[in-house]
Amino acid sequence: MSDEEHHFESKADAGASKTYPQQAGTIRKNGYIVIKNRPCKVVEVSTSKTGKHGHAKCHFVAIDIFNGKKLEDIVPSSHNCDVPHVNRTDYQLIDISEDGFVSLLMENGDTKDDLRLPTDENLLSQIKDGFGEGKDLVLSVMSAMGEEQICALKDIGPKN
């Protein structure tokens, strides 16, 4: 054997910790599922009866939680599906930069400066108008599978 030590650097991310397995038959409407490597919220589930030799199948219709695209998948109900770990975190808005990034205050007092303003026109105008009027805004950030996006805002009153 050689005396050399081999160091392997993994550049690929298997995404193992970003999802967990769940039996397809137990996933319900308003739950989450991964379809075509995208985290989705289930809007419709229908189950077909078993065929002569087959499994019952679950037909999922879901909407991507980040880009709003509709995706569909059919999975045998006894098989496992990937379910994304979806987290919602609230941050206080400190500033909006010229290039469309927001500065958010985290609970530990640090700032989070790596999020873009949302692409949804309605939410975007609410954030810009509220910030322009000097209101104290709390933004809800949804994160799943290594992606983050601002999904909602709360007005907690005027700045003091």
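What you see is a predicted model; the values in this text were computed from it and never measured.

**As for the pairing of strand 4 (residues 57-64)**
Note that strand 3 (residues 38-48) and strand 4 share eight bridges and pair antiparallel. Bridge assignment links valine 45 to a residue of strand 4, and that residue is phenylalanine 60. In terms of strand pairing, strand 4 meets strand 5 (residues 70-76) through seven bridges, oriented antiparallel. Bridge pairing in strand 5 places phenylalanine 60 opposite aspartate 73.

**Structural notes on the side chain of serine 143**
Within the fold, serine 143 resides in strand 10 (residues 135-144). Ignoring sequence-local partners within four residues, the contact set of serine 143 consists of Phe66, His85, Val86, Asn87 and Glu148.

**With respect to the nonpolar core**
Membership of the largest hydrophobic core comes to 14 residues, with the highest contact counts inside it found for Leu93, Val102, Leu104, Ile127 and Ile150. Where this core is concerned, the elements lending two or more residues are strand 7 (87-96), strand 8 (101-105), helix 1 (121-132) and strand 10. Leaving out residues up to four positions away in the same chain, valine 102 has contacts with Leu93, Asp95, Ile96, Lys112, Asp113, Leu115, Leu117 and Ile150. Counting 13 residues, the second largest nonpolar core, distinct from the first, contains Ile27, Cys40, Cys58 and Val75.

**Description of the sheet that holds strand 5**
Two modes of strand pairing occur in sheets, parallel and antiparallel, and in both the strands are linked by backbone hydrogen bonds. Ordered in space as 2-3-4-5, the four strands form an open sheet in which the pairing is antiparallel. Each having just a single partner strand, strand 2 (32-35) and strand 5 make up the two edges of the open sheet. The average undirected angle you get between the axes of adjacent strands in this sheet is 45 degrees.

**Describing helix 1**
Residues three or four positions apart in an α-helix share a direction because the helix packs 3.6 residues into each turn. Helix length check: helix 1 (twelve residues) gives 16 Å between terminal C-alpha atoms against 16 Å at 1.5 Å per residue, within 8%. Along helix 1, the positions that sit buried rather than exposed are Leu123, Leu124, Ile127 and Gly130. The buried residues of helix 1 occupy an angular sector of 145 degrees when the element is viewed end-on, so they sit on one face. Set apart from the buried face of helix 1 by more than 90 degrees, the exposed residues are Glu121, Asn122 and Gly132. Residue glycine 134 follows helix 1 closely and has a positive phi angle near 80 degrees.

**Description of the confidence of the model for the chain**
Across the chain, the average pLDDT comes to 84, with 88% of residues at or above 70. Per-element confidence in the chain ranges from a low mean pLDDT of 82 for strand 11 (residues 147-158) to a high of 94 for strand 2.

Thresholds, definitions, all that
Residues numbered from 1 in each chain as written. Predicted model: local features only at pLDDT ≥ 70, side-chain atom pairs only at ≥ 80, totals over all residues. Heavy atoms only, no water. Pairing = 2+ DSSP bridges. Helix = DSSP H or I, 4+ residues; strand = E, 2+ residues; numbered from the N terminus. Contact = heavy atoms within 4.5 Å. Core = buried A, V, L, I, M, F, W, Y, C linked by side-chain atoms within 4.5 Å. Buried < 20%, exposed > 50% of the residue type's maximum accessible area, 1.4 Å probe, protein only. Axes fitted to C-alpha atoms, helices over the stretch in contact; angles between N-to-C directions. Expected span 1.5 Å × (residues − 1). Arc of directions from axis to C-beta. pLDDT = per-residue confidence, 0-100.

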